[in-house]
Amino acid sequence: MSATLIDGKAFAATIRAKVAEHVRHLRDEHGLTPGLAVVLVGEDPASQVYVRNKGTQTEEAGMASFEHRLPVETAQEELLALIARLNAAPAVHGILVQLPLPGHIDAAEVLNAIDPAKDVDGFHISNVGLLATGQKAMVPCTPLGCLMMLRDHLGDLSGLDAVVVGRSNIVGKPMAHLLLRDSATVTIAHSRTRDLAAVCRRADILVAAVGRPQMIPGDWVKPGATVIDVGINRIPAPERGEGKTRLVGDVDFDSAVQVAGAITPVPGGVGPMTIACLLANTVTACCRAHGLAEPEGLTA
Ligand code: GUN
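Model, not experiment: these values are computed from the prediction.

S.K.: Explanation requested: the sheet that holds strand S1 (residues 4–5) in the structure shown.
M.R.: Two orientations exist for strands paired in a sheet by backbone hydrogen bonds: parallel and antiparallel. Strand order in this open sheet of six strands is S1-S11-S8-S7-S5-S6, and the pairing throughout is parallel. Looking at which strands have only one partner, the edges of the open sheet turn out to be S1 and strand S6 (185–189). Taken together, the five bridges between strand S5 (residues 161–165) and S6 define a ladder with parallel strand orientation. Note that in S6 the partner of Val 164 across the bridge is Ile 188.

S.K.: Sorry if this is basic, but what is going on with the pattern of salt bridges here?
M.R.: If the charged atoms of two oppositely charged side chains come close together, the side chains can form a pair. With the rule as written, the count across this model stands at seven salt bridges. Here Glu 67 makes a salt bridge to Arg 69, at a shortest N to O gap of 3.1 Å. Assessed through its relative accessible area of 37%, Glu 67 is described here as partly exposed. The salt bridge involving Lys 222 is made with Asp 204; its shortest N-O contact spans 2.8 Å. Within this pair, whereas Lys 222 is found in the loop between strand S7 (205–208) and strand S8 (226–229), its partner Asp 204 is found in the loop between helix H8 (196–201) and S7, the two being separated by 18 residues in sequence. With relative accessibility at 29%, the residue Lys 222 sits in the partly exposed group.

S.K.: Looking at this structure, how should I read the pairing of strand S9 (residues 233–236)?
M.R.: Every regular strand shows the same layout, with side chains that alternate between the two sheet faces. Judged by which residues are buried, S9 turns out to be one-sided: Asn 233 and Ile 235 face inward and are buried, whereas Arg 234 and Pro 236, on the alternate face, are not. Where S9 meets strand S10 (residues 245–248), four bridges bridge the pair, whose relative direction is antiparallel. Of the residues in S10, the one forming a bridge with Arg 234 is Leu 247.

S.K.: Looking at this structure, I do not really get the site of the ligand. What am I missing?
M.R.: Near the ligand you find Leu 96, Val 97, Gln 98, Leu 99, Asp 121 and Phe 123, and these make up its full shell. Within the contact set of the ligand, a nitrogen atom lies 2.8 Å away from a backbone nitrogen or oxygen of Val 97. A distance of 2.5 Å separates a nitrogen atom of the ligand from a polar atom in the side chain of Asp 121. With the chains in place, 79% of the 280 Å² that the ligand exposes on its own is no longer accessible.

S.K.: Explanation requested: the sheet that holds strand S2 (residues 35–41) in the structure shown.
M.R.: Read from one edge to the other, the open sheet built from three strands follows the order S3-S2-S4, with strand pairing classed as parallel. Strands with a single pairing partner mark the edges of an open sheet, and in this sheet they are strand S3 (64–70) and strand S4 (94–97). Each neighbouring strand pair of the sheet contributes to a mean axis angle of 15°, computed without reference to strand direction. Here S2 pairs with S4 via four bridges, running parallel.

S.K.: Before we go on, may I ask you to explain a negative patch on the surface in this structure?
M.R.: Taken together, the side chains of Glu 73, Glu 77, Glu 78, Asp 106 and Glu 109 present a region of like negative charge at the surface. With respect to the helices, strands and loops of the structure, Glu 109 is situated in helix H4 (residues 107–113). On the basis of relative accessibility, which here comes to 41%, the residue Glu 109 falls in the partly exposed class.

S.K.: Which parts of the structure should I look at to understand the side chain of Gln 57?
M.R.: Position of Gln 57 relative to the elements: it lies in helix H2 (residues 45–60). With a relative accessible area of 18%, Gln 57 lands in the buried category. Beyond its immediate chain neighbours, meaning those up to four positions away, Gln 57 contacts Arg 16, Ile 275 and Leu 279.

S.K.: Mind showing me how you'd approach the packing of helix H1 (residues 8–30) against helix H6 (residues 141–154) here?
M.R.: Relative orientation and spacing of two packed helices are given, respectively, by the angle between their axes and the distance between those axes. Contact geometry of H1 with H6 gives a least axis separation of 11 Å together with a crossing angle of 100°. Viewed along their axes, H1 and H6 adopt a mutual orientation that is roughly perpendicular. Where H1 approaches H6, its residues Gly 8, Phe 11 and Ile 15 are matched on the opposing element by Met 148, Met 149 and Asp 152. Residues that form the contact of H1 with H6 fall into these classes: four nonpolar, one polar and one charged.

Each value, and the rule that gives it
Just so you know, the residues in each chain are numbered from 1, in the order the chain's sequence is written. This being a predicted model, a pLDDT of at least 70 is required before a residue's local features are given, and a value of 80 or more before pairs of side-chain atoms are given or counted; all residues contribute to the totals for chains, interfaces and linings. Based on all heavy atoms of the structure, the side-chain values leave hydrogens and waters out of the count. Only strands that DSSP links by at least two bridges are regarded as paired with each other. The numbering of helices and of strands both runs from the N terminus, where a helix is a DSSP run of H or I of at least 4 residues and a strand a run of E of at least 2. Any carboxyl oxygen of Asp or Glu that lies within 4 Å of a side-chain nitrogen of Lys or Arg is treated as forming a salt bridge with it. Think of it in three bands: with a 1.4 Å probe and only protein chains considered, a residue is buried below 20% of the maximum accessible area for its type, exposed above 50%, and partly exposed in between. For this purpose, a residue is taken to be near a molecule or strand whenever a single non-hydrogen atom of the residue falls within 4 Å of it. Counting of polar contacts relies on pairs of N or O atoms within 3.5 Å, with two restrictions inside protein: one atom must be capable of donating a hydrogen and the other of accepting it, and residues adjacent in sequence are counted only when both atoms are side-chain atoms. Note on areas: Shrake-Rupley with a 1.4 Å probe; residue coverage comes only from the protein chains shown. Fitted lines through C-alpha atoms give the axes, limited to the stretch in contact for helices. The angle between two N-to-C directions lies from 0 to 180 degrees. Like-charged residues within 9 Å of one another, or nonpolar side chains (Val, Leu, Ile, Met, Phe, Trp, Tyr) within 5 Å, are grouped into patches, provided each residue has over 30% relative accessible area and no salt bridge. When charges are counted, Lys and Arg contribute as positive and Asp and Glu as negative, whereas His and the chain ends are disregarded. Working definition for charges: the position is that of NZ of Lys, CZ of Arg, CG of Asp or CD of Glu. Only heavy atoms enter the contact rule, under which two residues are in contact if any of them lie within 4.5 Å. Angle categories: roughly parallel below 35 degrees, roughly antiparallel above 145, roughly perpendicular from 65 to 115, and oblique for all the rest. Only Asp, Glu, Lys and Arg are considered charged in this grouping, and only Ala, Val, Leu, Ile, Met, Phe, Trp, Tyr, Cys and Pro are considered nonpolar; every other residue, Gly among them, is considered polar.

What follows is the structure in structure tokens.
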């Protein structure tokens, strides 16, 4: 039997439409335009693509986009001064500093300099702590997108066995907290986990976020499980011609799709949800800053 495909591309389009609708409401009823500032230091090609896509989708949703591209040699103090200006700017409701930052910059200090109310990435220690203690936080975009897809597909998550493979601050840890908040029974597995196959086979919900191409085979998947593949890995694809590549996830899709109940493809699964959730977080931040009702279905 073949699993249901969870279509992140279509789901992200519905999120963006809801965001655009709320943006119109904020403009027409309150004279407000949510604004997102994105800061990119250096010229990492993948980061440049992400930042361009963020800017385009922000404007398509009717919001204001502010891009700050700084040279790779930018000093820490200069970056902190920019963040201080953005923190103080009334037109800016969300601030995102694209990662990774160049090696000479202390990323933790930079992320913690962002006003937590404008921290649409949810990486500031205040937001990390609020999420971990079950309080109202800004929630990291990729795990938020995964949670939305899980709720949409499964409804109530309470009591389900969830296994998150990967313990990063960007995905694994916040994902585990979100699943706990929805009363799933959560295990975080990682590279040192003993008998990872057996741990994965227990999962009603399996979230793979390790960044290793196709490392989770179908026979690690419990029959009927819901599989969320966060990995985006580029591998050689000689079958497409010399020097060609293709994108694959952390799950071996061809074998997992035979066993799972539902699965996100790569590309077209989690990927498109991340920017959609960034737009959602920006609207949420704008509403909170002005003491207005938050949009429904766009927060955790
Ligand atoms: N680089 C890769 N993923 C992310 C993300 O979610 N946020 C930021 N700021 N940088 C990233």
